[in-house]
Amino acid sequence: CSSILQSHLNQNMLNKTRQELEASEGQIRALLSSMEDLVLELGEEEKVLHFWRNDESADFFIHLDFKGKKLENLPFPFSSERLIELVKEVSKTGISKYIELPITRESKETWFQFKVSRTLHQSISILVQNISDRKQIEREVEKLKDFYEFLLNNLPIDVVVFSKDHKYVYVNTKAINDKEKREWLIGKDDFDYAEKFGMPLKYAEERRLHFQKAIETREIVEFEEEFPAKGANENGVWVLRFFTPMVNELGEVDRVLGFGLEITERKTAELDILKNLDRQKQLNELKNKFVSTISHEFRTPLATIRSSMDLMDLIINRKPVQTQKIQDFIGVVNNEIAILTNLLNDVLMLGRHESRQTPFHPKLNNLHTTLREVIHKNFSFNNKRQIEVNLFSEIADTVFDEKLIGHILNNLLSNALKYSEKNIRVTLDQNTQGTRISIIDQGIGIPEKDMESLFNSFFRASNSKDIQGTGLGLVIVKNFLDLHKGTIELKSKLGKGSVFTIFLPSSLEPENT
């Protein structure tokens, strides 16, 4: 009886165990059917020990007899060198790997993923899964990515994407056209770029400050950058940049969008407007100075002429007529008229230059000869002081406008004699670059604070107010030298004298005749 009972219990346990195994097998099959299309277990020499097929994938694998066969004897893709090499690698390292391979049937391509792993029993399992739907989605995503990349690359602005720690994630071709440089920059920042490609470090530092501000404030930050001209014939470039933080639902910055728009034309127009406004301001100041100077300079000579004429009238009406006194007053009148004439000539020359109407006729001349002619014509009557000329080299012919250079020399020599009671010295020196003329006096000198403004219209040194002058002579000298692409330098010490040095380059071409 006990043996019958024991047999009955064993049968019940066996049935229960069979039911549990069937349930487990059903669960495993359900799990596999939801995940894999084919499972292979390989033993030695890559032979298939066991396999399982998903009914839904029977079209691809139902006709294949896997058991006991080597991978290399199975059709593609099981016999592909890539899969066989992967199986050997996983068998050796124990690290799971996967590859993706297509199966083509009736011109239709179906993609499968082959995941290779080493089991606890040291056998190799290959889990095969149909990934065609995923591949299709990936292709659609890739197309969409290509479309947006094409769109971004054809925008007329720089577009970049930064990580929250200011590393480049994306750069469009407008920002950097060179593909290798663009790919190199991904994962790096502006400091890396500055170090590798020689960009001034100040740009990286300023961008970092603006980037941090965008992160901290969660607001768009706008700033301008100026890149200086690279060559003599090129212009500088201005770029308007924006850092736009991308904030997620938690209020954290995930990415920062960067935009750059070239604004060189706009900036140039702004600077031109500012220059014009400044020039208009200067013109208004110039007009005020002009009215003040002309009023003063005309009043004194006219008053002198009027009083001289009155005195001559009295002398003429007196008997006997004093001829010598009349001649003296006529001399005074002529001198004052000459002052007025020179003033008007200066104003006219300045006006012609401002309107770009100064006659300029550079020809081959000799500076030493021109200097001698100016001295002989305008200063030979002065017997009290002499103008000493020293040559430091032989002066060869060079190209300049003789009339304009004559005016420059006459003005500088006149000033030297006007502000000094001692002899004047002139030196000439010439080399392959050009000719240098220095006019040296031992006069009252010029205060240091006035030297910077000495070439401005109607400006006069503070220690020369009681000496006849208009404040236009040196302005005209500078203008005439500019036409020659020349320069003028001034050295002066108060109470000791001044040295005016002009330089005329030898590169000036003669006027086409």
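Notes on the structure in this doc start here. In this text, all values refer to a predicted model and were calculated from it rather than measured experimentally.

**Points about the sheet that holds strand β5 (residues 124–130)**
Now for step 1: What the 5 strands build is an open sheet, ordered β2-β1-β5-β4-β3; its pairing is antiparallel. Across the chains shown, the open sheet's two edge strands, defined by having one partner strand only, are β2 (48–53) and β3 (97–105). Sheet twist, expressed as the average angle between the axes of neighbouring strands with direction ignored, equals 20 degrees.
Now for step 2: Bridge analysis of strand β1 (residues 38–42) against β2 gives 5 bridges, and the strand direction is antiparallel. Of the residues in β2, the one forming a bridge with Glu-41 is His-50.
Now for step 3: The strands touched by helix α3 (residues 81–93) are β1, β3, β4 (108–118) and β5; relative to β4, the strand with the most contacts, the crossing angle is about 15 degrees.
Now for step 4: Most of the contacts of helix α4 (residues 132–153) go to β4, to which it runs at about 115 degrees, and overall it touches β3, β4 and β5.

**With respect to the sheet that holds strand β10 (residues 253–262)**
Now for step 1: Pairing is antiparallel across the open sheet formed by 5 strands, whose spatial order is β7-β6-β10-β9-β8. One side of each edge strand has no neighbouring strand; the edge strands of this open sheet are β7 (168–171) and β8 (221–227). Each strand axis lies, on average, 20 degrees off the axis of its neighbour in the sheet, ignoring direction.
Now for step 2: With 9 bridges connecting them, strand β9 (residues 237–247) and β10 associate as antiparallel partners. Within the sheet, the bridge partner assigned to Met-246 lies in β10 and is Arg-255.

**Digging into the layout of surface pockets**
Now for step 1: In this model, the second largest pocket occupies a volume close to 1000 Å³.
Now for step 2: With 5 residues, β10 is the largest single contributor of residues to the lining of the second largest pocket.
Now for step 3: Tallied by class, residues from the lining of the second largest pocket come to 22 nonpolar, 6 polar and 9 charged.

**Some details on a nonpolar patch on the surface**
Now for step 1: Residues Leu-144, Phe-147, Tyr-148 and Leu-151 make up a contiguous nonpolar surface patch of roughly 400 Å² in combined accessible area.
Now for step 2: Note that Leu-151 resides in helix α4.

**Looking at the packing of helix α6 (residues 190–197) against helix α7 (residues 201–217)**
Relative placement of two packed helices is described by the angle separating their axes and the distance separating the axes.
Now for step 1: The contact between α6 and α7 brings their axes to 9 Å, and the two run at 175 degrees. For the element pair α6 / α7, the angle class is roughly antiparallel. Residues Asp-190, Phe-191 and Ala-194 of α6 touch α7, and the partners they reach there are Leu-201, Ala-204, Glu-205, Arg-207 and Arg-208.
Now for step 2: Grouping the amino acids of the contact of α6 with α7 by side-chain chemistry returns 4 nonpolar, no polar and 4 charged.

**Section: the packing of aromatic side chains**
Now for step 1: Summed over the entire model, instances satisfying the criterion amount to 9 aromatic pairs.
Now for step 2: Members of the aromatic cluster, connected to one another through ring pairs, are Phe-162, Tyr-168, Phe-211, Phe-223 and Phe-243.
Now for step 3: In this structure, Lys-196 packs its charged tip against the face of Phe-197, placed 5.8 Å from the ring centre.
Now for step 4: One cation-aromatic arrangement involves Lys-267 over Trp-238; the distance from NZ or CZ to the ring centre is 4.7 Å.

**Details of the nonpolar core**
Now for step 1: Counting residues in each nonpolar core, the largest one holds 35 residues, and the members touching the most others are Leu-413 and Val-426.
Now for step 2: Taken together, the elements giving at least two residues each to this core come down to α10 (367–379), β12 (387–391), α11 (402–418), β14 (424–430), β15 (434–440), α13 (473–483), β16 (487–493) and β17 (497–505).
Now for step 3: With 8 residues, the top contributor of residues to this core is α11.
Now for step 4: Not counting chain neighbours up to four residues away, the residues in contact with Leu-413 comprise Leu-371, Val-374, Ile-375, Phe-379, Ile-387, Ile-424, Val-426 and Ile-439.

Thresholds, definitions, all that
- Residues numbered from 1 in each chain as written.
- Predicted model: local features only at pLDDT ≥ 70, side-chain atom pairs only at ≥ 80, totals over all residues.
- Heavy atoms only, no water.
- Pairing = 2+ DSSP bridges.
- Helix = DSSP H or I, 4+ residues; strand = E, 2+ residues; numbered from the N terminus.
- Axes fitted to C-alpha atoms, helices over the stretch in contact; angles between N-to-C directions.
- Contact = heavy atoms within 4.5 Å.
- 1 Å grid on protein atoms, 1.4 Å probe; cavity = no way out; pocket = protein on both sides within 12 Å on 5 of 7 lines; lining within 4 Å.
- Points joined across faces, edges and corners; volume = space filled by probe spheres on them.
- Nonpolar A, V, L, I, M, F, W, Y, C, P; charged D, E, K, R; others polar.
- Patch = residues over 30% accessible without salt bridge, like charges linked within 9 Å, V, L, I, M, F, W, Y side chains within 5 Å.
- Areas by Shrake-Rupley, 256 points an atom, 1.4 Å probe, with all protein chains shown as cover.
- Salt bridge = Lys/Arg side-chain N within 4 Å of Asp/Glu carboxyl O.
- Parallel < 35°, antiparallel > 145°, perpendicular 65-115°, else oblique.
- Phe/Tyr/Trp six-rings, centres within 6.5 Å; stacked < 30°, edge-to-face > 60°.
- Lys NZ or Arg CZ within 6 Å of the ring centre and 35° of its normal.
- Core = buried A, V, L, I, M, F, W, Y, C linked by side-chain atoms within 4.5 Å.
- Buried < 20%, exposed > 50% of the residue type's maximum accessible area, 1.4 Å probe, protein only.

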